[in-house]
Amino acid sequence: MFKKTALCIALSALFVTVNTQAKTVYDSGEGDTLSVYGEVGVGGHIGADYEYGEFYTDDETYIDDSFATLGVKGNYQATYYRLELDYERENWAYGSGDMELAIDKIFIGYKITPDHAIEFGLTDTALDDYDKFGDFTIDTTVETGEAGDQENTIKYEGRLADFKAGISYSYNGESSSGSALGDIINGYVGYFSDYFDVVVGAETRTGSEGESKYGEQTLYAFGLRTYFGEDLAIGLNGFIENEDIAQTSTTIDISSDNEYTYTYNDYQTLENKGALVSARYQATPKIQLTGSLNYEEYEAWDVSSAYGVAPDDEYSWGKERTWSTLGVNFNPTNSVLFALELNFGESAQDAYAYSRVYF
């Protein structure tokens, strides 16, 4: 699993707010524009459990998840572009734990028509926008494990009536910890209406060919949102993944500063799957309630599998885990969010608290 802490697609409405709050600093009056936008977030994980493999440290009290973004975007007629910088805590598994500045997006796009466009550069892969589409919660629910943002990416997205589709190709992709993944292709097809939205997607990769433990992979994802009036929505999300993971490694070089280089061998296919049911209720114009039921199963957790964990190292939850969440979001204005989410059951944390301001 590749864990990169961030607010998930449940905040899509606020992401739209980012666009509407962006400050236009140049407008030619003929369609050429330049805008500045950003966000500042403070909060973190309470009662985190290192055993679940989602965090860089075994601190069970509090793990900081501070985050900031500053970006510019614009267009010259049919050509558009974006540069986005993130300053974030590397608090995920194999992260440094430090605050690091990184380029999150840098791409140029071209609108073939108003409903069809292509992008080139460091950007979201196609499935990244919809991998958690049926999840209305804030943090640490079922992780689909798709490729996320990647460099060297070309992406197409288009819309026809109520249908939308996208596909992307990434050359020499990497995990959030920098491990080689090989070339990645993913995409989605979705139907959107006033009553329900549904998205199906898939991903495949060529694997690192011995450079890292990650080999070939295929992943299938599903997301559904149903709307009951203006205040209540229920979502479903799920994935099935077959991922080749190296079982052995061989040292091929030791540098002068004692750094080891390995080649990875004996790739075996492990099956992973997960699903959730979530709900969102708009209690008042400023208060939103969320909840979810979650299920995950990874073959690497299964002591009965030939490629699972050794019996002496069995995880406390066994080969599968279930947990639930209950949260409240408070929006004093359209561009401010205060959120608290409680976790119950076999969860990687007890609670998540966060505040964000978008501009």
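For clarity, every value in this text was computed on a predicted model and none was experimentally measured.

Enquirer: Could you clarify how one ought to interpret the overall build of the chain in this entry?
Expert: In terms of helices and strands, the chain carries one helix and 18 strands. Rg of the C-alpha trace for the chain: 21 Å, near the compact-globule value of 21 Å for 359 residues, within the 12% margin. Across its three principal axes, the chain shows a C-alpha extent of roughly 65 × 45 × 40 Å. Within the chain, contacts between residues at least 6 apart in sequence are counted, and of these 56% link residues at least 24 apart. Total accessible area on the chain stands at roughly 17,400 Å², and carbon and sulfur atoms take up 55% of it. Here the chain carries 21 positive and 62 negative side-chain charges, and the mean point of each set is 9 Å from the other.

Enquirer: When you look at the environment of Glu-216 in this model, what are you seeing that I'm missing?
Expert: Within the secondary structure layout, Glu-216 lies in strand 12 (residues 214–228). Under the relative-accessibility criterion, Glu-216 is labelled partly exposed at 48%. Remark: the alpha-carbon pair of Glu-216 and Asp-115, spanning 101 residues in sequence, is separated by 33 Å. Setting aside residues up to four positions removed in sequence, Glu-216 forms contacts with Arg-205, Thr-206, Gly-207, Asn-242, Glu-243 and Asp-244.

Enquirer: Is there a simple way to think about unusual backbone geometry in this case?
Expert: Trans peptide bonds make up most of the peptide bonds, and negative phi angles are found at most residues other than glycine. One non-glycine residue, Gln-77, adopts positive backbone phi at about 55°. Residue Asp-266 is not a glycine yet carries a positive backbone phi of 55°. Tracing the backbone shows Asp-266 in strand 14 (residues 260–282).

Enquirer: Honestly, the pairing of strand 8 (residues 149–160) in this entry has me stumped. Any pointers?
Expert: Moving residue by residue along a regular strand, the side chains alternate between the two faces of the sheet. Sheet analysis places strand 7 (residues 116–124) next to strand 8, joined by eight bridges and oriented antiparallel. Residue pairing in the sheet places Gly-121 in a bridge with Thr-153 of strand 8. Of the strand pairs in this sheet, strand 8 and strand 9 (residues 163–174) are connected by eight bridges, and their pairing is antiparallel. In the strand pairing of strand 9, Arg-159 is matched with Lys-164. Hairpin connection between strand 8 and strand 9: a loop of two residues separates the two successive antiparallel strands, and Ala-161 in this loop has a positive phi of roughly 55°.

What counts, and at which threshold
Residues numbered from 1 in each chain as written. Predicted model: local features only at pLDDT ≥ 70, side-chain atom pairs only at ≥ 80, totals over all residues. Heavy atoms only, no water. Helix = DSSP H or I, 4+ residues; strand = E, 2+ residues; numbered from the N terminus. Rg over C-alpha atoms; globule rule 2.2 N^0.38 Å. Contact = heavy atoms within 4.5 Å. Areas by Shrake-Rupley, 256 points an atom, 1.4 Å probe, with all protein chains shown as cover. Lys, Arg positive; Asp, Glu negative; His and termini not counted. Charge placed at Lys NZ, Arg CZ, Asp CG, Glu CD. Buried < 20%, exposed > 50% of the residue type's maximum accessible area, 1.4 Å probe, protein only. Pairing = 2+ DSSP bridges.

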